[in-house]
Structure formats: structure tokens, C-alpha cells
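Fold and geometry: a report
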Amino acid sequence: MLCLFLLMGMLLIGILCSGPTSSSGSMDIADEGLFASQHVQDNIAASNLAEAGVEDTILWLSAQGAPPSNTSAFAPSSSTFTLPLWSSTTQSGTPPRAVVDFPDANNTFSITVYPCSANPGSAQKSYLIESIGSYYGFNQVLHVYVTQTSFGHYSFFENGAGGGTFYSGAITFDGPVHMNYNAGTTIPMSLDYNDGTSPIFSYNGPDAYTVGFGLTYYHNWALQTGPPASTNTAAWNELSPYGPSSIKDNQNNITLPSTTATSTQLTAALGTLGSAPTSSIGATACPNGGIYIHGSVQQMTLSVSSTNSATQIIQLYQINPSNGAKVYTDITLNATTNQTVIQTGSFTTAGTTSITSTTTTSGLTNGVIYCDGNIGNPDALPEGGLNGVIADNAINSSGVVTHSNSLTIATSPTGEINEDGSLIYNTERQIQKNSSGQYEFYNNSGQIVTSSSPVTPSGDVPDYVPESSDTGSFLTKAGSLGLVTGTNVEGLLAYTTTGLTGTGYLPYLELDAALFSYNTFTANTFGANQYPTLVMGGDVHNAPEGNCGFKKFSFDNRMSNTPPPYFPTTQNRYTVVSWQQVQTTIDGTP
């Protein structure tokens, strides 16, 4: 009997392998093809439903007054925000899911949102959106990780410009730019471009330039209202080579944090200390926090250890208001020993210091440095302030970053930061070269000048290559810096020689940092003394920006993806970090 079964099996296999022998066989193959095609279409429909669920959930998150405070998985609620498709929303399951019929029970997407475990202690909230698209029994699952958009995302942001805002010549933006609308301004932003060689916006993204009003700009000194026609290639090459999709006008305003108080940075700096130190002056390493500086700082200088480029040194010069004593503080964030060392003492006008006490704390703080006064003297003829070199990230022998040297320096609500010299990354981005191998720099007229040396010539700022073109170690090795002030970020004419007094004019100013000011950023000009300014990071400010000589904005995309610690966020705007189609849900259920 067994042999008979084997023989019959072989005969059946032979028939199947010999191909169709009748018209009915051809119909069977055709039916199988149609079935397979329908199967693909059903899966595509399920994927589209899953994508719709993600997009609707991002809209839901954006509609909340604040990021959800949930610490465990939750489902979006249609009671707080109703989208057109959400009228039939139901809640079910563990973890909870929001199930939306689209347009009936056979066409649905269901949503669960998983908050990041670090959210409670982070200024930048992140969420994993799990969206299941279901179409007549076919399911597709998407996992999309979103995070609050940091203001570090913008190379330039202004909360409503006046008619005086003006950029011309070779000033270009290679990162996202946004301008809010302020009622009553006749020309909210004037952009002039008349050399015809490079576009104003060279960033390749959907938000190269977004504005809360109609697009207005100058071209060859003639006022242009509204974007050029999509067929006007020449005009778009001068405005944005990526065309109409990269520039969007009449967009919603992006709300700045509602208070001028830099409370987020203050809370982060204090850590579990809770309240500000009671000492009359000086710096304190706060447990589970950052550095708190009491009293205005005449001079703050950043430097790097000669033995370890990942060890940051911060030197402070202060004057005790109670007795006029000159106080010196040396803060070392030691990446080798994983310690924070604070030395205090006195100094003379000649720059000689005398250390009187040393405090060593385990750990390298959370990166926030908060000063409850000014950094620099903000008087009519300002002097002193902030300058120096930002240390590298610590990297082990396998090339893995073991400590990110990312700092945010913040002031009180009434404080401001003066820059009396450049702020430079220890590992800098590569400088653009011309066809002859010469390094390129911008002078104060916005013109390219060249040099055989990569050292910045006096009076010129580097023309850095885009991050995507940098073949060096900048992306992994360079640290990062954010500046947050209650009033102004200001570039000065005076440079410091003794830590207290300043003389002369800055030949140029380079700021490798993300700047956030609740008032404005000004690179001052005094009389005929104008100098070029390079901002490699971002310039975010509330009031219209002050004037200066030539300004170059060089986008640092790291500030968008991994902003400095506790750098301000845009509250209800979210950036998609990753988008992945997966086979199963997090809890393993269909």
C-alpha cells in the first residue's frame, strides 16, 4: 500500500511539474496571479492606513497645549482634539489603543503612544508612535519615533521681523529659516539678492524658509511680492534651487516659550539642590544637576586641557559686590577621572591667581551652566564677556563616544551674554578649498578671499564645507554649545587682555554655538569699525536683530538632532527621528 501511495505521489508531482494541459489550468494560474496582485494591494492599503494613523497622531500631539506627561503607554483622546477621521474613535486593549474606523470597521488604524523613559527629566520630550493599519484582515505595523523640535533646528529664527531686517549680497542660509508674523509691519522681511551667483536659501529641505506671512523680498533692488512662478527657473536658482517645495509662506507662527524666565535651565542646573546657593559669589556644582554661578561674571573663558581634548576648563573672573574683592574660579570637567573640580581664589589685574580652596565632585554634571547675572559688562561701552574653545567629546579606542561634551550656558531672565571673542570648537569643521587647493574665507564685504593656511586670517571668517561633505572627525568628535539669555546675546567691539578691561576692535567674530535670546542678537558696530560674523549653529531671537557687518550663517545640523542640554524647544512641533515598518507590535498582539 505504501508503494502505491508513493507511486501516486510521483505521478501527481509529474503532472504538476509538466505545466498546464488545458484551458482550465490557464484560468487557475490567472486566478492565482489576480489573488497575489490583490494581496499586494490589500497590504498597500493597510500600510496607507498605518501612515494615516501616524500623521494624525503627530497632528494630535501638535494640538496639545503641552507635551503629554504620561509615563506609560497611552492612546490619543478624541475628546481633546478631533480630526475629521476621528469621529468614530474607540478606546480598547492593554496597552490602550485608539481605534479609528476609516471609513468602516474593515478599514481602521489603531494607535498606541509610548513615551520615552527619559521624558520626566528631559526638556525635550520624545514618543514612539505605534500605528497598526488594518484592511479587510491585512495588517501593517509602523513604529515612528518623534521628538519635540528644538530651536536648535533653525539656522535663523526671528519672532516677527520689522521692516528693517535686511540681508544682501553673499549672505545665505544653508539651514532652516523661520520668520513669525507680527501685525503692523509693512515689509516683514526684506531679502535682497543681486549678484545672481548663489541662492539665498541653499538648504535642501521642506522648511528651507517658512514664514508666517506672504513672501516679500527684493531682487536687484526691486520689490518682489509672492514666490516666483514655478516655471521661472532663473528666479528660483537665486532664491532656492530646490524650488517651491522648499519655501512656504503664510504658515502658522511658531510660539516661543511663554515666559522670559529661563526657568528650565535654572531647574536643570540646580538639580536636587532645589534652591539657589546662598554664597555671596562664585560657582557651585549642584548634585544631579549642573553648575550654578552666583553673581555677574566679568569674564568667562573656555579652554581645553593640554593633556585631554575632552576635558573642558571654564575660568571665571568676578567682583564681589559686597567688598569689591576680585574672585577667580576655575571649573574643570575632567573626562578622564569623571570628576568636576572647582577651584576658587583671588587674582590681580595683572592676571596672577591664587587658589585658596578646591572642591571635587564625582561626575561631569548635566551640562547646564546657569548664571544669575550677566556674563560681561552690558554698559554703553561694554567690555568682558564670553569666549574660548569648546572641548571635544570623549571617544574610546573603538571610536565610541563615551561622554558628549555638550554645554548650555544660560543667564537669568534679566541677564545677557557679551561675546568679546570667538567661540570655537576644538575640532573644527573642514574649510572649503577652491580648485587650486587654497582655503576660502569671507571678508567683511561678503567676498571670498583665499589663503594657503587653514588658520583664519585676521578680519575674515571661514567658509566651512557642509556637514555632509566633511570627511574629518568633526561630526563625531566636536562638542556642542548652546547660549540661552533672558535679554541679549551681544558681540562686542572690545576684546579682553586681563579678564576685566577691554581695548581695541575685534577683527572678526565666530560663534560655534546655537544662540537663543528672549530679546535679540546684536553684533555691534561702532563708527566705521565693522567686522564679519560667522554663526555656525543657529540664531534664534525674539526681537528684530541688530545690525553689524557681513554675517554668515553656517548650519550645524547636530543642533537639530542632538541639541545642547535643556536648550529651548518649540513646545508643540515634532520632528520625525525614525520611521520603520515592523512585523509585530511592542506587546506582541495583533
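Predicted, not measured: the structure shown is a model, and the values here were computed from it. Each chain carries its own residue numbering, running from 1 in the written order of its sequence. Confidence filtering applies because this is a predicted model: local features only for residues at pLDDT of at least 70, side-chain atom pairs given and counted only at 80 or more, and all residues used for totals across whole chains, interfaces and linings. Think of the side-chain values as coming from all heavy atoms in the structure, minus any hydrogens and water.

**Here's the deal with the overall build of the protein**
The criterion, for reference: Only DSSP runs of H or I with at least four residues qualify as helices, and only runs of E with at least two residues qualify as strands; both kinds are numbered from the N terminus onward. Relative accessibility decides the category of a residue: with a 1.4 Å probe and only protein chains considered, values under 20% of the type maximum give buried, values over 50% give exposed, and everything between is partly exposed. Residue contacts are defined here by distance: any two heavy atoms, one from each residue, within 4.5 Å place the two residues in contact. Only the protein chains shown count as cover for residues, with accessible areas throughout obtained via the Shrake-Rupley method and a probe of 1.4 Å.
In terms of regular secondary structure, the protein is built from 6 helices and 39 strands. Per-residue burial over the protein gives 50% buried out of 590 residues. Partitioning the intrachain contacts of the protein with sequence separation of at least 6 by distance along the chain shows that 64% fall at a separation of at least 24. Split by element, the accessible area of the protein, about 25,600 Å² in all, is 53% carbon and sulfur.

**A look at the sheet that holds strand β28 (residues 448-451)**
The cut-off we apply is this: The rule for pairing is simple: two strands pair if DSSP sees at least two bridges between them.
Taken together, 3 strands build an open sheet; the order of strands is β28-β27-β29 and the sheet is antiparallel. One side of each edge strand has no neighbouring strand; the edge strands of this open sheet are β28 and β29 (461-462). Sheet analysis places strand β27 (residues 439-442) next to β29, joined by 2 bridges and oriented antiparallel. Note that in β29 the partner of Phe441 across the bridge is Pro462.

**Some points on the packing of aromatic side chains**
Worth spelling out the cut-off: Note on ring pairs: Phe, Tyr and Trp rings are taken, using the six-membered ring of Trp, and paired if centres are within 6.5 Å. Classes follow the plane angle, with under 30 degrees stacked, over 60 edge-to-face and the rest tilted. In this scheme, the term charge over a ring applies when either NZ of a lysine or CZ of an arginine sits within 6 Å of the ring centre and within 35 degrees of the ring normal.
Scanning the model with the defined rule gives 19 aromatic pairs in all. For the ring pair Phe173 and Phe553, a centre distance of 5.2 Å and an interplane angle of 20 degrees mean the geometry is stacked. Of this pair, Phe173 sits in the loop between β7 (166-167) and β8 (177-179) while Phe553 sits in strand β38 (residues 551-555); the two residues are 380 residues apart in sequence, bridging distant segments of the chain. A single burial state applies to Phe173 and to Phe553, both of which are buried. Through pairs of rings, three or more aromatic residues link up here, namely Phe151, Tyr154, Phe157, Phe516, Tyr518 and Phe567. Its guanidinium or amino end placed over the ring of Tyr425, Arg558 lies 5.2 Å from that ring's centre, counting from NZ or CZ.

**With respect to helix α4 (residues 263-270)**
Buried residues of α4: Gln265, Ala268, Ala269 and Leu270, and no others. Buried residues in α4 make contact with β15 (291-294), β21 (368-371), β25 (406-411) and β30 (480-485). Positive backbone phi, at 60 degrees, marks Gly271, one or two positions downstream of α4.

**As for the side chain of Asn405**
Put simply, the rule is: Polar contact criterion, stated in full: a pair of N or O atoms within 3.5 Å, where within protein one must be able to donate a hydrogen and the other to accept it, and residues adjacent in sequence count only if both atoms are side-chain atoms.
Along the chain, Asn405 falls in the loop between β24 (401-403) and β25. Judged by relative accessible area, Asn405 falls into the buried class, the value being 2%. Reaching out from Asn405, the side chain makes a polar contact with the side chain of Gln312 at a distance of 3.3 Å. Every residue in contact with Asn405, bar those within four places of it in the chain, is listed here: Gln312, Ile390, Ala391, Asp392, Asn393, Gly479 and Ser480.

**Section: the environment of Ser110**
Mapped onto the elements of the fold, Ser110 is located in strand β3 (residues 107-115). Residue Ser110 is classed as buried on the basis of its relative accessible area, which comes to 10%. Measuring from C-alpha to C-alpha, the distance between Ser110 and Ser131 comes to 5.7 Å, with 21 residues separating the pair along the chain. In this structure Ser110 touches Arg97, Ala98, Val99, Glu130, Ser131 and Ile132, once residues within four positions along its chain are discounted.

**So, unusual backbone geometry**
One non-glycine residue with positive phi stands out, namely Tyr136, at about 50 degrees. Checked against the element boundaries, Tyr136 lands in the loop between β4 (126-135) and β5 (138-150). Tyr136 gets classed as partly exposed once you look at its relative accessible area, which sits at 48%. Even without being a glycine, Tyr566 presents a positive backbone phi close to 60 degrees. Mapped onto the fold, Tyr566 is located in the loop between α6 (558-561) and β39 (569-582).

**Some thoughts on the environment of Asp104**
Looking at the secondary structure, you find Asp104 in the loop between β2 (97-101) and β3. For Asp104 and Tyr135, which are 31 residues apart along the polypeptide, the C-alpha to C-alpha distance reads 9.9 Å.

**Here's the deal with the pairing of strand β26 (residues 417-425)**
Summarising burial for β26: 9 of the 9 residues are buried, a large majority. Across 4 bridges, strand β22 (residues 385-390) lies against β26 in parallel orientation. Directly across from Val389, in β26, lies its bridge partner Ile424.

**Details of the side chain of Ser240**
Inspection of the secondary structure assignment puts Ser240 in the loop between α3 (233-239) and β13 (247-248). Overall, Ser240 belongs to the buried group, its relative accessible area being 0%. With residues near it in sequence (within four places) discarded, Ser240 still touches Pro199, Phe201, Ser246 and Ile247.

**Brief notes about the pairing of strand β14 (residues 282-285)**
The pairing of β14 with β15 spans 4 bridges and is antiparallel. Residue pairing in the sheet places Ala285 in a bridge with Ile291 of β15. Between the end of β14 and the start of β15, which pair antiparallel, lie 5 residues, with Asn288 showing a positive phi angle near 55 degrees.

**Here we look at the pattern of salt bridges**
What counts, and what does not: A pairing counts as a salt bridge when a side-chain nitrogen of Lys or Arg comes within 4 Å of a carboxyl oxygen of Asp or Glu.
Evaluated as defined, the whole model comprises 4 salt bridges. A salt bridge links Glu130 to Arg97; the shortest N-O distance between them is 3.0 Å. Linking Glu130 in strand β4 with Arg97 in strand β2, this pair joins segments that are 33 residues apart in sequence. No difference in accessibility class separates Glu130 from Arg97, as the two residues are buried. The partner of Asp556 in a salt bridge is Arg558, with the nearest N and O atoms 3.0 Å apart. Judged on exposure class, the residue Asp556 and its partner Arg558 are both buried. By sharing partners, the salt bridges in this structure join Arg97, Glu130 and Asp587 into a single network.

**So, the environment of Thr262**
Following the sequence through the fold, Thr262 ends up in the loop between β13 and α4. What makes Thr262 buried here is its relative accessible area of 1%. In this structure the C-alpha to C-alpha distance between Thr262 and Thr414, which are 152 residues apart in sequence, comes to 9.4 Å. Setting aside chain neighbours within four positions, we find Thr262 in contact with Tyr370, Thr411, Ser412, Pro413, Val484, Thr485, Gly486 and Tyr518.

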